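Below, each chain spelled out in residue letters.
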Protein chains: 2
Amino acid sequence: MSRDKFVIGIDYGTESGRVVVVRVRNGEEVGSAIIPYADGVIDEKLPGGPRLEPDWALENPRDYLAVVEKGLPKALKAAGTRADSVVGIGTDFTASSPLPTMRDGTPLCFLPAFRKQPHAWVKLWKHHAAQAEADRINEIGRARNEEFIRTYGGRYSSEWFFSKLLEIVYEAPAIYEAAERFIEAADWIVWQLTGEEKRNACTAGYKAMWVKGKGFPSPDFFRALHPAMENVIGTKVPETYYPLGARAGGLTPAWAKKTSLREGTPVSIGNVDAHVAVPACTVVEPGSLVMIMGTSICHMLLGRKKQMVDGMCGTVEDGIVPGFWGYEAGQSAVGDIFAWFFEHGVPDYIHREARGRKLPFETVLEERAKALRPGQSGLVALDWWNGNRSILVDVELTGLLLGMTLATRAEEIYRALIEATAFGTRTIVEAFESRGVRVERLVACGGLPEKNQLLMQIYADVTGRDIRLADPLLTCSALGSAMHGAVAAGRAAGGYDSIFEAAEHMARVEKRAYRPRPENREVYNRSFAEYRTLHDYFGRGANDVMKRLKALQRKQVSE
Amino acid sequence: MSRDKFVIGIDYGTESGRVVVVRVRNGEEVGSAIIPYADGVIDEKLPGGPRLEPDWALENPRDYLAVVEKGLPKALKAAGTRADSVVGIGTDFTASSPLPTMRDGTPLCFLPAFRKQPHAWVKLWKHHAAQAEADRINEIGRARNEEFIRTYGGRYSSEWFFSKLLEIVYEAPAIYEAAERFIEAADWIVWQLTGEEKRNACTAGYKAMWVKGKGFPSPDFFRALHPAMENVIGTKVPETYYPLGARAGGLTPAWAKKTSLREGTPVSIGNVDAHVAVPACTVVEPGSLVMIMGTSICHMLLGRKKQMVDGMCGTVEDGIVPGFWGYEAGQSAVGDIFAWFFEHGVPDYIHREARGRKLPFETVLEERAKALRPGQSGLVALDWWNGNRSILVDVELTGLLLGMTLATRAEEIYRALIEATAFGTRTIVEAFESRGVRVERLVACGGLPEKNQLLMQIYADVTGRDIRLADPLLTCSALGSAMHGAVAAGRAAGGYDSIFEAAEHMARVEKRAYRPRPENREVYNRSFAEYRTLHDYFGRGANDVMKRLKALQRKQVSE
């Protein structure tokens with residue numbers, strides 16, 4: 001190559017979009033920009049419109065366009081890179097975050113007739129108002145023994161594509177009628193950039209019941225949901241889905257002008273933020289579990305064949321890396337539990353010490369927790385502050401802390417909470433291995449590993465596996481998108497011919513690994529056995545006290 | 001009566017002794033004095049002597065004498081009462097707090113030969129170093145099917161008389177040999193004041209295996225404990241015990257001179273602090289459960305016949321009020337749990353609000369907790385931060401908190417802890433009633449009821465029973481001792497002929513009662529059902545996780 005080529009990765013998060021410019025040769029991030037969404041997460045009232053019910057969470061698709069329009073030039077400028085050295089673009093998105101559009105891709109919420117209708121906007125992944133619809137989907141799915149029930153660990157989520165669509169059918173039939181398309185924002189942005197409505201197999205497989213080679217459930221199933229939905233597939237929702245890394249099309253003239261990139265610059269098929277991070281963590285083969293660790297943890301793993309593993313979020317052929325089955329599992333609260341404890345459980349003596357030593361109180365807590373040995377606190381917790389995603393798939397479960405005495409101190413509780421989340425990860429690892437899906441090592445990315453050495457060591461000790469950290473830790477989704485942009489370009493155009501090639505050249509992990517300490521491992525085996533007994537007792541129906549208390553709570557709050 | 005007569009009550013607590021002067025006619029406290037023990041609780045090193053092991057807790061009997069010598073004149077002076085209007089003296093003591101003495105009552109620790117020997121001092125009730133001895137007593141008692149095993153709810157405590165004596169036999173045989181008497185401090189102080197070694201049936205019945213009409217276990221039992229103990233009964237420990245309220249003797253000339261009271265002033269037989277409070281709370285008949293509420297709760301109840309109730313601390317004929325069976329139960333941590341939470345669980349936003357409003361943070365917490373409805377927190381706790389006394393009798397049990405979500409707030413946890421202690425009391429109430437021992441209403445005294453309206457209302461709601469507060473709340477033991485002093489004097493000498501008469505004239509409860517609210521009661525029935533399921537699951541062997549975690553903790557701390 002006469003001079004370096006670059007690719008663009010665009011990572012659409014919950015509050016903002018991140019654009020990175022990455023050198024194709026070595027994966028180096030040479031420039032970036034973050035563009036917060038002007039309307040943010042819309043969860044109180046529509047811009048200029050009515051107030052929303054609780055549990056609603058919408059977004060404005062205009063904000064996604066602004067990320068490209070403002071962020072791409074800004075990132076290029078920061079990189080000092082010539083626009084004509086950019087050979088490809090890849091994107092990833094939160095999911096499932098769908099919206100209704102016209103046949104030409106115009107969002108219904110852009111039309112004056114619909115802009116005051118909440119159902120016309122993007123329903124963000126964390127829009128939680130479609131629980132009744134999800135319940136109905138599961139009820140009918142189970143009665144009909146639909147395959148998606150097994151694929152999704154026994155339960156289709158209220159956060160997903162068809163729950164949100166059914167909500168429109170029930171609550172805003174006029175919008176359902178008017179919508180010529182119902183589409184993931186991940187696919188909508190690619191449609192905008194290329195003019196091609198080509199949808200990605202990853203979001204469809206993990207969130208919309210689509211199965212490679214089989215397609216969707218039958219019209220009978222959709223009619224059972226609602227007669228108006230009988231023919232939804234093939235009309236509002238197309239039947240064709242494209243593999244990750246495929247070229248969706250080239251940048252349109254209009255977008256080329258706005259971004260100063262070359263017209264026709266290859267744009268990759270859309271992707272999901274967690275899934276796209278996997279090859280960016282160097283993982284393109286079975287055996288390495290990728291943990292995207294933040295407020296929650298997503299666990300991504302590749303397998304050589306299809307296995308039904310308890311409590312997966314999804315199991316999709318080619319869903320992460322082509323040629324493999326992609327497994328997704330999750331813990332619904334991890335960093336969120338620590339944030340809860342920092343807010344609601346840290347007593348005055350920790351704050352006093354922190355002020356005295358001019359340190360953040362989190363540092364004091366971490367120091368004190370680190371000085372303890374495994375088992376020394378006498379505590380064990382169940383990490384269900386936000387329900388249990390994998391392997392129990394039950395949002396009605398709640399947290400537990402056991403073993404307190406008059407001598408129990410705050411740092412002991414903090415450490416017990418960290419340990420409980422590690423036990424949650426070990427439970428997932430053991431579920432995989434019990435079905436023959438190997439987990440030989442862990443690779444972590446996200447915000448938690450950066451700040452929490454104690455936590456990472458505990459995860460290594462508890463799981464008995466080496467953990468390496470991805471590099472970069474925080475922007476691995478954006479890097480993953482850039483890698484897919486390089487694949488969309490292909491080697492002939494200065495990119496790579498496969499994600500395997502891209503990973504070899506563009507992805508890295510830190511040399512240093514957290515390694516399990518045998519003496520801690522042995523103690524944690526004992527604590528973990530206690531965790532699992534409690535996990536099964538409270539999580540599998542022997543004592544549904546958590547659900548009964550939640551029901552009582554709802555009754556007492558609503559009366 | 002030409003002019004009012006007065007009685008003296010002396011209440012020996014853990015850190016100090018309290019002397020009150022009480023008007024016989026109406027129970028009015030006219031003067032008082034508190035004398036802290038100069039040596040306090042001796043738990044680190046003997047005065048001028050060696051360091052102590054952990055778990056030791058001793059006292060200096062000289063400090064008990066100082067309470068009379070300094071406190072009695074001080075209280076009389078505060079009362080403005082003429083010494084010759086005092087017609088009787090009563091005392092009560094923590095128990096079991098025994099000491100070895102010579103035949104004339106001289107404590108071994110007063111003798112130069114023994115004063116550097118820890119075993120020669122008073123072993124305070126909370127001396128916890130005799131667990132191995134208690135284990136041996138229980139093992140042999142169970143093997144021989146001794147009655148005391150049933151009387152004491154299945155377990156003889158390490159805090160009690162013979163555990164502490166056996167500790168001397170094992171660890172300081174020379175002191176055992178030299179001790180001509182082993183005696184409760186409750187009886188020793190009466191011996192000092194009157195010159196008569198007359199021991200009380202209450203301490204013997206609740207702490208030393210003595211049974212009215214039957215006496216002690218046989219010499220065979222004591223020989224099985226240790227050959228040197230075969231004949232301990234009848235030598236170091238006498239066989240005769242006196243009923244509560246009996247006259248032990250008259251004040252000696254020496255003490256009359258020191259206190260300016262009349263020589264021969266009647267002194268009542270000794271008593272236990274919790275037990276003596278019962279008639280001071282007006283309770284001299286079955287049906288009313290007296291709760292002495294502080295760091296822990298003692299529950300005292302009278303019954304018409306002997307019933308073996310699960311997990312009692314003791315069941316003694318005439319043990320509280322003559323003519324009735326006296327039942328004692330207990331919760332080993334109540335106020336202590338709240339104090340733990342105040343220290344270790346109250347987050348910054350509570351402290352900030354308290355500073356802003358210039359209120360104690362406890363008040364802010366109470367206000368917020370009071371604003372919640374029953375069941376609204378979604379939480380339930382097991383109140384075992386210091387083990388469980390009644391009804392499980394198991395010090396190895398630990399605390400539990402269940403139901404936390406990311407929305408759980410500190411005041412919800414606080415309220416759940418209060419509710420858990422109320423559920424603990426309800427468990428005891430139900431144990432009594434399941435054996436036909438009626439509990440129709442509750443009477444409370446001690447420090448907790450004074451400060452905690454919310455707590456008292458929750459106890460009424462949870463137990464479904466009216467609760468009245470004793471008056472005085474804080475000094476009911478001292479009043480009870482004064483009442484027994486009046487009985488020792490007798491009506492002819494200006495006192496009363498029975499504790500029933502004394503209670504009628506001298507004891508009071510507040511008019512206002514906490515009454516259960518039916519709507520709360522119904523909700524708490526549901527929460528209590530959850531508590532009981534968890535109580536039985538963790539407390540009765542289905543899952544001994546608490547014990548295993550404690551064992552692991554001990555191992556990890558000691559290594």
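Relevant structure appears above.
All of these numbers come straight from a predicted model, not from anything done at the bench.

Novice: Hey, could you go over the overall build of chain A for me, with residue numbers and the actual values?
Specialist: Summing up its helical and strand segments, chain A has 20 helices and 21 strands in all. A compact globule built from 559 residues should have a C-alpha radius of gyration of about 24 Å, and chain A, at 24 Å, falls within 12% of that. Taken along the three principal axes of its C-alpha coordinates, chain A extends 70 × 60 × 50 Å. Within chain A, the fraction of its 559 residues that count as buried is 64%.

Novice: Hey, could you go over the relation of the copies chain B and chain A for me, with residue numbers and the actual values?
Specialist: For the match of chain B to chain A, the screw axis carries a shift of 0.0 Å, the RMSD comes to 0.1 Å, and the turn is 180°. Accordingly, the operation relating the two chain copies is best matched by a two-fold axis. Taken together, the interface assignments show that 100% of the residues at the interface of chain B recur at the interface of chain A, consistent with an identical surface on both copies.

Novice: Give a detailed account of the packing of helix H2 (residues 131-143) of chain A against helix H4 (residues 161-171) of chain A, specifying residues and quantitative values.
Specialist: Residue and element names in this part refer to chain A. Close contact between H2 and H4 brings their axes to 8 Å; oriented N to C, the two are set at 110°. Taken together, H2 and H4 sit at an angle that is classed as roughly perpendicular. Relative to H4, H2 is oriented so that their crossing is right-handed. For the pair H2 and H4, contact is made by Glu133, Ala134, Arg136 and Ile137 and by Phe162, Ser163, Leu166, Glu167, Tyr170 and Glu171, respectively.

Novice: Quick rundown of the side chain of B:Asn543? Include the residues and the values.
Specialist: On the secondary structure map, B:Asn543 appears in the loop between helix H19 (518-539) and helix H20 (545-558). Given a relative accessible area of 3%, B:Asn543 falls into the buried group. Only 3.0 Å separates the side chain of B:Asn543 from the side chain of B:Tyr537, close enough to count as a polar contact. Side chain to side chain, B:Asn543 and B:Arg548 meet in a polar contact 3.0 Å long. Not counting the four nearest positions on each side in its chain, B:Asn543 is found in contact with A:Glu530, A:Thr533, A:Leu534, B:Tyr537, B:Phe538 and B:Arg548.

Novice: Describe the sheet that holds strand S18 (residues 399-404) of chain A, and please don't skip the residues or the numbers.
Specialist: Strand order across the open sheet formed by four strands is S17(A)-S18(A)-S18(B)-S17(B), with antiparallel pairing between neighbours. The open sheet is flanked by strand S17 (380-382) of chain A together with strand S17 (380-382) of chain B, the only strands paired with a single partner. Along the sheet, successive strands turn relative to each other by an average axial angle of 10°, direction set aside. Strands S17 and S18 of chain A together with strand S18 (399-404) of chain B of the sheet are contacted by helix H19 (residues 518-539) of chain A, whose axis makes an angle of about 35° with S17(A). The sheet contacts of helix H14 (residues 410-434) of chain B involve S17 and S18 of chain B, and relative to S17(B) the element is tilted by about 55°.

Novice: Tell me about the environment of B:Glu366, residues and numbers included.
Specialist: Residues and elements named next belong to chain B. Here glutamate 366 shows up in helix H13 (residues 361-370). Taking C-alpha positions, glutamate 366 is 36 Å from valine 21, a pair spaced 345 residues apart along the chain. In this structure, glutamate 366 is in contact with Tyr414, Asn452, Gln453 and Leu454, ignoring residues within four places of it in sequence. Polar contacts involving the side chain of glutamate 366 include one to the main-chain amide nitrogen of leucine 454, which spans 3.3 Å.

Novice: Could you give an account of the pattern of salt bridges, with specific residues and numbers?
Specialist: In a structure, side chains of opposite charge can pair up when their charged atoms sit close to one another. Residue and element names in this part refer to chain A. In total, this model carries 72 salt bridges over all chains according to the counting rule given. With its nearest N and O atoms 3.0 Å apart, the salt bridge here joins glutamate 230 to arginine 223. Among the residues examined, arginine 223 registers a relative accessible area of 38% and is labelled partly exposed. Salt bridges sharing common partners tie together Glu353, Arg357, Glu367, Arg368, Arg409 and Glu411.

Novice: Give me the lowdown on unusual backbone geometry, citing residues and values where you can.
Specialist: Backbone torsion omega between A:Ala95 and A:Ser96 reads -5°, so that peptide bond is classified as cis. Turning to its location among the elements, A:Ser96 is positioned in the loop between strand S5 (86-93) and strand S6 (98-101). Here A:Asp471 and A:Pro472 are connected by a cis peptide whose omega angle stands at 5°. Following the sequence through the fold, A:Pro472 ends up in the loop between strand S20 (467-470) and helix H17 (476-489). Here the phi dihedral of A:Asn145 falls at roughly 55°; this positive angle occurs in a residue that is not glycine. If you check the backbone angles, B:Val393 has positive phi at about 50° while not being a glycine. Within the secondary structure, B:Val393 is located in the loop between S17 and S18.

Novice: Residue-level account of the sheet that holds strand S20 (residues 467-470) of chain B, with values.
Specialist: All names here are of chain B. Spatial ordering of the open sheet is given by S15-S16-S14-S13-S19-S20-S21, a layout of seven strands whose pairing is mixed. The outermost strands of the open sheet, each flanked by one partner alone, are strand S15 (314-317) and strand S21 (509-514). Shown here is a sheet whose adjacent strand axes are inclined to one another by a mean of 25°, direction ignored. One ladder, built from four bridges, connects S15 with strand S16 (residues 325-331); its direction is antiparallel. Its bridge partner lying in S16, glutamate 317 is registered against tryptophan 325. Where helix H10 (residues 273-280) meets the sheet, it contacts strand S13 (287-293), strand S14 (297-303), S16 and strand S19 (439-445), and its direction lies at approximately 60° from that of S14.

Novice: Which residues make up the packing of aromatic side chains, and what values do they have?
Specialist: All names here are of chain A. Evaluated as defined, the whole model comprises 57 aromatic pairs over all chains. Chaining the aromatic ring pairs together yields one cluster made of Phe148, Tyr152, Tyr156, Trp160, Phe161, Phe162, Phe182, Trp210, Phe216, Phe221, Phe222 and Tyr241. A cation over an aromatic ring shows up here: arginine 62 above the ring of phenylalanine 110, its NZ or CZ 4.0 Å from the ring centre.

Novice: Kindly report on the interface of chain B and chain A, identifying the contributing residues and their values.
Specialist: Counting residues at the interface gives 56 residues for chain B and 56 residues for chain A. Inspection of the region where chain B meets chain A yields two salt bridges. When the shortest N-O distance is used, the salt bridge between A:Glu530 and B:Arg548 registers 2.5 Å. The tally of links between chain B and chain A comes to 23 residue pairs in polar contact (both at pLDDT 80 or more). For the side of chain B that touches chain A, the elements supplying multiple residues, two or more each, are helix H11 (335-344), helix H12 (348-357), S18, H14, H19 and H20 of chain B. Within the side of chain B that touches chain A, the residues separate by chemical class into 27 nonpolar, 18 polar and eleven charged. Bridge analysis of S18(A) against S18(B) gives five bridges, and the strand direction is antiparallel. Bridge assignment links A:Gly399 to a residue of S18(B), and that residue is B:Met404.

Novice: Just give me the short version of the nonpolar core, but keep the residues and values in it.
Specialist: If you look at the biggest cluster of nonpolar residues, it comprises 234 residues, and the most contacted ones within it are A:Leu402, A:Phe432, A:Phe538, B:Leu402, B:Phe432 and B:Phe538. Sequence-distant contacts of B:Leu402, that is, excluding residues within four places in its chain, are made with A:Gly399, A:Leu400, A:Phe538, A:Val545, A:Met546, A:Leu549, B:Gly378, B:Leu379, B:Val380 and B:Leu534.

Novice: If you had to explain empty space enclosed by the protein to someone new, which residues and values would you point to?
Specialist: With the rule as written, the count across this model stands at nine cavities of 30 Å³ or more. In terms of lining, the largest cavity is formed by 18 residues, of which the most central are A:Trp340, A:Leu401, A:Ile413, B:Leu401 and B:Ile413. Per-class residue counts for the lining of the largest cavity are 14 nonpolar, four polar and no charged. Considering only enclosed or pocket space, the second largest cavity measures out at about 100 Å³ in volume. Taken together, A:Glu147, A:Thr151, A:Gly205, A:Trp210, A:Val211, A:Lys212, A:Lys306, A:Thr315, A:Val316, A:Glu317 and A:Trp325 make up the lining of the second largest cavity. Those elements that place two or more of their residues in the lining of the second largest cavity are helix H3 (147-151) and strand S15 (314-317) of chain A. At three residues, the largest contribution of residues to the lining of the second largest cavity is made by S15(A). Residues that form the lining of the second largest cavity fall into these classes: four nonpolar, three polar and four charged.

Conventions and cut-offs
Residues numbered from 1 in each chain as written. Chains lettered and ligands numbered in written order. Predicted model: local features only at pLDDT ≥ 70, side-chain atom pairs only at ≥ 80, totals over all residues. Heavy atoms only, no water. Helix = DSSP H or I, 4+ residues; strand = E, 2+ residues; numbered from the N terminus. Rg over C-alpha atoms; globule rule 2.2 N^0.38 Å. Buried < 20%, exposed > 50% of the residue type's maximum accessible area, 1.4 Å probe, protein only. Least-squares fit on C-alpha atoms with pLDDT ≥ 70 in both. Contact = heavy atoms within 4.5 Å. Axes fitted to C-alpha atoms, helices over the stretch in contact; angles between N-to-C directions. Parallel < 35°, antiparallel > 145°, perpendicular 65-115°, else oblique. Left-handed = near helix turned anticlockwise from the far one by under 90°. Polar contact = N/O pair within 3.5 Å; in protein donor to acceptor, adjacent residues only side chain to side chain. Pairing = 2+ DSSP bridges. Salt bridge = Lys/Arg side-chain N within 4 Å of Asp/Glu carboxyl O. Phe/Tyr/Trp six-rings, centres within 6.5 Å; stacked < 30°, edge-to-face > 60°. Lys NZ or Arg CZ within 6 Å of the ring centre and 35° of its normal. Nonpolar A, V, L, I, M, F, W, Y, C, P; charged D, E, K, R; others polar. Core = buried A, V, L, I, M, F, W, Y, C linked by side-chain atoms within 4.5 Å. 1 Å grid on protein atoms, 1.4 Å probe; cavity = no way out; pocket = protein on both sides within 12 Å on 5 of 7 lines; lining within 4 Å. Points joined across faces, edges and corners; volume = space filled by probe spheres on them.

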